[in-house]
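Breakdown of the fold
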Amino acid sequence: VGKEHWRSLDELADTPEFRTLVEKEFPGLAEDLLSPQTRRAFLKIMGASLGVAGLASCRWPKELILPFAHGPEGRTPGVPQQYATAMELGGAAIGLLVTSYDGRPVKIEGNPLHPTSRGTATALAQASLLELYDPDRSRQPIRREGGQEIPQTWDDFITFAGPHFARLQADRGRGLAVLSEESSSPSLARLRKRFAEVFPEASWYEWEPLSRDNEREGARLAFGKPIRPQYHFDRADVIVCLDADPLFDHPAALKHARDFASRRRAEDGTMSRLYAVEPVVSLTGAMADQRLAVSAPMVEAVTWAVARELSSSGLAIAGIGPGSEPADEGIRNFVKAVGRDLFAKKRAGLVVAGSRQPAVIHMMVHRINDALDNAGQSVSYLDDAGWSYRPTDREAIRDLAQLAKAGKVATLLILGGNPVVDAPADLSFSTVVAKVPTTIRLGLFEDETSRLCRWHLPRAHYLESWGDARAWDGTISVQQPLIDALHGGRSPLEVLAEVIGEPVTSGYEIVRSTLKEIVGGTEFEGSWRRALNDGVVANSAFKPVTARVAEGTRNVTIEPVAEGPPLRSDTVSVIFTPDPSTYDGRFANNAWLQELPDPLTKVVWDNAALLGPDTAGQLGIKHGDLIKIKRGGRELEIAAYLMPGQAESTVVLPLGYGRSAAGRVGTGVGFDTYLLRTTDALYSAAYAAVEKTGRTHELVCTQDHQAIDRVGYQERGTRIGELIREATLAEYRANPGFARDGQASERTALFASPGLTGEHQWAMSIDLSACIGCNACTVACQAENNIAVVGKDQVARGREMHWIRVDRYFAGKPEAPGVAFQPVACQHCENAPCEQVCPVAATVHSDEGINEQVYNRCVGTRYCSNNCPYKVRRFNFFNYFKSIPEVEKMVFNPEVTVRGRGVMEKCSFCIQRIEAVKIAAGNDRRPIRDGEIVPACAQTCPTRAIVFGDLKDPGSRVSKLHADQRSYSILGELGTKPRTRYLARLRNPAPKLGEGS
Amino acid sequence: VSTIPLPLLDAAEDPRRRPPLVLGDNDFATVTEKVCSIVERPRPPLAWYVAFGISSSLTALLVAMLGYLFLAGIGVWGLNIPVGWGFDITNFVFWVGIGHAGTLISAILFLFRQKWRTGINRFAEAMTIFAVICAGMFPAIHTGRPWFDYWLFPYPNQMSVWPNFRSPLLWDVFAVSTYFTVSLMFWYTGMIPDLATLRDRATTRLRRIAYGVLSLGWRGSARHWHRYERVYLLLAALATPLVLSVHSVVSFDFSVSQLPGWHSTIFPPYFVAGAIFSGFAMVLTLLVPVRSFFHLEDLITTRHLENMAKITLATGLMVAYSYGVEFFMAWYSGNPYEKFTLMNRALGPYAWAFWIMFSCNVVVPQAFWSKKVRTTPWNLLVVSVLINVGMWFERFVIIVTSLHRDFLPSSWGYYKPTWVELCTLAGSIGLFLTLFLLFLRFGPMIAMAEIKSVMPAAGLERGPHRGHGQYWGEIPHQHERQTEDRQP
């Protein structure tokens, strides 16, 4: 409370330049509303292509996907059904449960039976639904001949491929290469074996721009065998993350977040303590109790210092020689605190290194965990036979490029991926593709890679095709299609089977026979049906092993890196990170994700070079400046964003933007940071020069729409402590009711409010100790409630439509800020200010305590929004759905009205879900069980921070949470009596380091 | 002590004498001639055409902007969340405020027996009507779905839904529509004798019919006068509370909400004072050029202008006091949100708007302490135009600065108008001026019958009424004399 808060360094310094900037904020009034760059403009274009969509989906389905003319027995039309499937991203699967209305998937949720997901899903997984209906997806095979595009059919391709691959087979596959994404699919592994048999001299390469190779190599170095570590944050008292973001950027992030949050609520009076050492600001770092921002090369030094600190406490950590102490006192104290805590909490500590860190760091981390006896407790190991030695992605793509450039590749089959965009820039993959006479590309879109290949084949979306994949712990999920291929695409499995010349090329049969091999048994049909129903194959996880650091590697001495030469003032180190919205660029054409604010920067429809405040100050760079980053003869022009808390002398470059052929949504959005990424610097590069260009770029944020002036900045600082109440664990123990201190008691009302007489009284509780700011709730809500995407120009005007937003505030010093997240949706005030002022009674209170918005009564005076203290109401300034292509309309949830122009909308507590359960319970003549009604946001929240329920039931979770000591309402002093209450955030800083380190 | 008689022509400097309200060598006939000739001349002067050309073009622009708005949606304006109201409601409150001067002059000054009002009341009432037309347009077009605006009226319907009687916007509907109705009736009733004069002087058939229909068969009989004066008195009594109530209700739009900067008990009197302030400024703005252009200095004397300047100054001081009280209350209440809102107004991103408002509404009117300024028409014009600008900005500042930064800093935003909003504002000024120019051309812009009653020839200086002003209903012989003088 009372800390200084700021938004940008400029703001804090209040430089004259910044003042001019603020002054300049006042308008060029004549700005044209409808510039052709807008979403509205491209929506118009979209309209043109819709007719084809309907026709293409008429292919008569085969196998178990039956047309409704032969409806399954017992099926009621209009009643949604859920099917389990799985989505693979970067070689690991998340189990999903997809809701389907009359054969039309409309909502993706996590599969409750899946070990990673347990019912939750990431923003990316949920938004992949929109990708299914993307009107830009390719609709037919294309052959390119002498600069001409010739539309083809699959039969044409097979006519070509049959003899072509037969010839290659005769030649033992010489000159054939396959480039695929990383995949955990057992079926693909099986077909690859067949492929190797058929084409013994062919080569297969895997390339994933964001791989976890370093982790894999580190484990191999440490244990001498393929091992996959599994983290158990629920069993860890002390967590040390070294440039790692296990809560957000990890194949098992959902599980990590869930486990982590379970130790943050201090229900038994204890909490875990999270230390983070990182050059970037990650969501894990934002949750850290102690966070140390160090430049990328220093992470290694800190790791080393921690090991040495532990070793000096008497732990036997192999291979540690003497070294110098870190020069910086802050770092030394931090390292001491980490060492002390880890040593004190032996067997309950956990050290995690991130995928950007080199293999030796991972090896060191394994040694530390081993020495602390954490193995088997907070970290366990799985035998990952599938990881048997294969080249790293870096080696693979380099080898392929060399081979192709040497003219030794005659046929290149690219299954998925987009190497022309995301392969290291020094390989210039477009020339590689040009070198190969026959290139065949299977892709969802006719993207940059396909446009250079001789054959483009439309890929079936994962919701359209059969497949299988393993979760991070190895559990197999069957990827079950929800709908027949809309545009006649095929899956990599089917194409590969065709290429090999398998007798069976149907995905269904391929997956089924793989499973048959794995599961075996006489009762296969039963197991198969069970696997489809549950979404997971029972007992298919990798075998746990009790791995100790291998003797043979104990004495490998890791050379500690020096602290690194002092960086020149105009050079910086560069870090490449996945983008929370586009990941590696594959989701660039997904409008839900483009409009999803970055969790930390809140930027939409763009990526930006993130710079530490001081560095930017030294370089004279301000928010929104276009800067030039030069590295080894390559250069990149990108907008700058000043990120509080980021390490100095570091530029963070999120990948996945600046696509030149992403589609109508993603083309030309943001900046292509792959331009600077080379084989020797896939994740970070030590030296790069930064220059100003003197030009600026408009970065649009959903929060802090405008640069803030001194008055507003100071006021925000004083308010945040009230809005986000937080205390340290010690303070909480001393005064558990701290959150309600200073909260004006519910004032005596002058007038009795009409009693809420409903049988149920709905309410929500949001735990700020658990919220990691991951935005999954926002996407869930967008999909569930048919929320419009409005485009960059509209967001710039402050018209984003999200019903639930995650407010992000910084507190403390700009170098080491505290970050706090606060999801805010309609608070469903019992005494709602919006209701009183609506002249036509379009927003009214239900007797069950829900603030209802009646769309067809709303005339759109916007008075309700003006009078809403939480500003959660959203207005349809235009008809944002006016020219949506037919295929995109299939994504709408039929249970929720699609709002037209001129009406107000807002969170309804997912009233359609409430009613559905009420009807079902009513039919069964039973009471509604607590937890039976789950709004979309609560359903998907990985940390279960959002809880919904009935206050009339004293035993319900929400009743208990509302009675919790930590519970408070925001702006309760206004007398609005919000039904959504927050649980104050707890932090557990190291006693000797103090808050914010 | 000897007194030196001075030629006091156009001022109340001699406290022993009431100065004449009509100057020059005028009698009833010349007054009639002066006023009617403006309407009766075959074609208006070129300047009228120029002014009408400009204002009707702006009106056409308004129509185009409304067409665009209805076709595309409210998004063509710059509004957003959190700033749900911008130019639309600013213009509404501005125009409603303008209207108040007319009703004040015609009704309240009538009841207070302020004889000088007769020179300007018709003019001011007309301004009221046209301002309320402009004002009423904005709430109707600012909705997201204007085609359902009629839902704001309580009418029996198949949906069995009443409007929400707790909403100040609904009160607005009643207040503004009542105000418009009463103002219109008041204006029209007062105009009937003058329309009859125009009818009687009409030289063309069209005029005879038009004015004949409009004058409702007025023959100037004693019974007519009696009824007329009763009705006029009653309407004045009805309109008087409306002067106070309408803008109070408009201010409820803001004060009933919970938004810092809006939620304030001072708003009703503050808004009424502001409305009269801006209304008088607008009367001055229009009167000064019209008076000089049509050579009406005898009827609309410098004393009229000075009186209006004095009222403007008085209400301006009330407005300034209200500004002060807002800041005082923000500090004294200890409400941090209120305090911030006021600080943010004066020093935040919209400080430029605040200081325009402050200069125009607080600093500039102080010029009216000077008699020279009060009595120099073109000085009056400059000051009154600035006050109009200031009062427009007052509404902008109240609405936008309060909205753009309310409670949660995460939702703070900024509003800038689009060209559509700027053109709509310009168009509403065009509509106002167009209606006004049409009135000047076709209506009796000075209340002839009333002004005659305050001329010496009416004989009201004598008898029991000396020094008390007149009450038409009780002066039987007045009409006998008047009818003798009047042309049939």
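So, here is what we can say about the structure in this document. Source: prediction; values computed, not measured. (Residues numbered from 1 in each chain as written. Chains lettered and ligands numbered in written order. Predicted model: local features only at pLDDT ≥ 70, side-chain atom pairs only at ≥ 80, totals over all residues. Heavy atoms only, no water.)

1. What about the nonpolar core?
- Counting residues in hydrophobic clusters, the biggest one holds 358 residues, and the most contacted among them are A:Leu611, A:Ile629, A:Leu653, B:Trp95 and B:Met445.
- Broken down by element, this core gets its largest block of residues, 16 residues, from helix H8 (residues 267-293) of chain B.
- With residues up to four places along the chain from it excluded, the contact list for B:Trp95 reads B:Ala131, B:Cys134, B:Ala135, B:Phe138, B:Met282, B:Ser428, B:Ile429 and B:Phe432.
- One finds A:Leu168, A:Leu415, A:Val499 and A:Ile500 within the second-largest nonpolar core, a separate group that totals 39 residues. (Core = buried A, V, L, I, M, F, W, Y, C linked by side-chain atoms within 4.5 Å. Buried < 20%, exposed > 50% of the residue type's maximum accessible area, 1.4 Å probe, protein only. Helix = DSSP H or I, 4+ residues; strand = E, 2+ residues; numbered from the N terminus. Contact = heavy atoms within 4.5 Å.)

2. A look at the pattern of salt bridges
All names here are of chain A.
- Enumeration over the complete set of coordinates arrives at 67 salt bridges over all chains.
- Of the charged contacts in the structure, one is a salt bridge between Glu181 and Arg586, with a shortest N-O distance of 3.9 Å. With Glu181 in the loop between strand S6 (176-180) and helix H7 (186-198) and Arg586 in the loop between strand S20 (571-577) and helix H21 (591-594), this residue pair connects regions lying 405 residues apart in the sequence.
- Put simply, Glu502 and Arg194 hold a salt bridge, and the shortest N to O gap is 2.8 Å. On the criterion of sequence distance, the pair formed by Glu502 in the loop between helix H17 (492-500) and helix H18 (507-519) and Arg194 in helix H7 is long-range, its members being 308 residues apart.
- We classify Glu502 as buried; its relative accessible area is 15%.
- The network of salt bridges with common partners includes Glu181, Glu208, Arg459, Asp584 and Arg586. (Salt bridge = Lys/Arg side-chain N within 4 Å of Asp/Glu carboxyl O.)

3. Details of the pairing of strand S3 (residues 104-110) of chain A
Residues and elements named next belong to chain A.
- Most of S3 is tucked away: 6 of the 7 residues are buried.
- Strand direction decides the pairing type here: strand S2 (residues 92-101) and S3, joined by 6 bridges, are antiparallel. Bridge pairing links Thr99 to Lys107 in S3.
- From the end of S2 to the start of S3, which pair antiparallel, there are 2 residues, and Asp102 there has a positive phi angle of about 50°. (Pairing = 2+ DSSP bridges.)

4. Observations regarding the pairing of strand S38 (residues 980-983) of chain A
Residue and element names in this part refer to chain A.
- Where burial is concerned, the two faces of S38 agree: the one with Thr980 and Tyr982 and the one with Arg981 and Leu983 are both buried.
- The pairing of strand S29 (residues 762-767) with S38 spans 4 bridges and is classified as parallel. Paired with Asp767 across the two strands is Leu983, which belongs to S38.
- In this sheet, S38 lies alongside strand S37 (residues 967-968) in antiparallel orientation, the contact comprising 2 bridges. By the bridge assignment, Tyr968 is partnered in S38 with Tyr982.

5. Looking at helix H23 (residues 710-723) of chain A
Residues and elements named next belong to chain A.
- Under the 1.5 Å per step criterion, the end-to-end length of H23 is 20 Å for 14 residues, consistent within 8% with the ideal 20 Å.
- For H23, the principal kink sits at Gly717 and spans about 25°.
- A large share of H23 lies buried, amounting to 10 of its 14 residues.
- Considered for burial, the residues of H23 that qualify are Val711, Gly712, Tyr713, Glu715, Arg716, Gly717, Arg719, Ile720, Gly721 and Leu723. (Expected span 1.5 Å × (residues − 1). Bend = angle between axes of the 7 residues up to and from the residue.)

6. Digging into the packing of helix H3 (residues 87-111) of chain B against helix H4 (residues 121-141) of chain B
All names here are of chain B.
- Contact geometry of H3 with H4 gives a least axis separation of 7 Å together with a crossing angle of 160°. Relative to H4, the element H3 lies roughly antiparallel. Handedness of the H3/H4 crossing: left-handed. Across the interface between the two elements, Asp88, Asn91, Phe92, Trp95, Val96, Ile98, Gly99, Ala101, Gly102, Thr103, Ile105 and Ser106 of H3 pack against Asn121, Ala124, Glu125, Met127, Thr128, Ala131, Cys134, Ala135, Phe138 and Pro139 of H4.
- Classifying every residue of the contact of H3 with H4 gives 13 nonpolar, 7 polar and 2 charged. (Axes fitted to C-alpha atoms, helices over the stretch in contact; angles between N-to-C directions. Parallel < 35°, antiparallel > 145°, perpendicular 65-115°, else oblique. Left-handed = near helix turned anticlockwise from the far one by under 90°. Nonpolar A, V, L, I, M, F, W, Y, C, P; charged D, E, K, R; others polar.)

7. Digging into the sheet that holds S37(A)
- The strand order across the open sheet formed by 4 strands is S36-S29-S38-S37 (chain A), and the pairing between neighbours is mixed. A single partner strand is all that each edge strand has here, and the edge strands are strand S36 (946-950) and S37 of chain A.

8. Re the interface of chain A and chain B
- With 63 residues of chain A in contact, the opposing surface of chain B contributes 69 residues.
- Note on chain A versus chain B: buried area summed over both sides is about 5,400 Å², and carbon and sulfur give 57% of it.
- Among the residues chain A hides against chain B, the three largest losses belong to A:Arg719, A:Tyr863 and A:Arg901. Together they make up 14% of the total.
- On inspection of chain A and its partner chain B, the count reaches 2 salt bridges.
- Of the charged contacts, one joins B:Asp406 and A:Lys871 as a salt bridge, the two residues approaching to 2.9 Å between their closest N and O atoms.
- On inspection of chain A and its partner chain B, the count reaches 36 residue pairs in polar contact (both at pLDDT 80 or more).
- For the side of chain A that touches chain B, the secondary structure elements donating two or more residues are H23, strand S30 (805-812), helix H27 (833-837), helix H28 (863-866) and strand S34 (874-875) of chain A.
- Residue composition of the side of chain A that touches chain B, by class: 30 nonpolar, 14 polar and 19 charged. (Buried area = accessible area lost by both parts, 1.4 Å probe. Polar contact = N/O pair within 3.5 Å; in protein donor to acceptor, adjacent residues only side chain to side chain.)

9. A word on the sheet that holds S3(A)
All names here are of chain A.
- One open sheet holds the 3 strands; their spatial order is S1-S2-S3, and the pairing between them is antiparallel. Each edge of the sheet is formed by a strand with only one pairing partner; in this case those strands are strand S1 (81-89) and S3. On average, each strand axis in the sheet is inclined to that of its neighbour by 35°, with strand direction left out of account.
- As paired elements, S1 and S2 share 9 bridges and run antiparallel to each other. Within the sheet, the bridge partner assigned to Tyr83 lies in S2 and is Val98.

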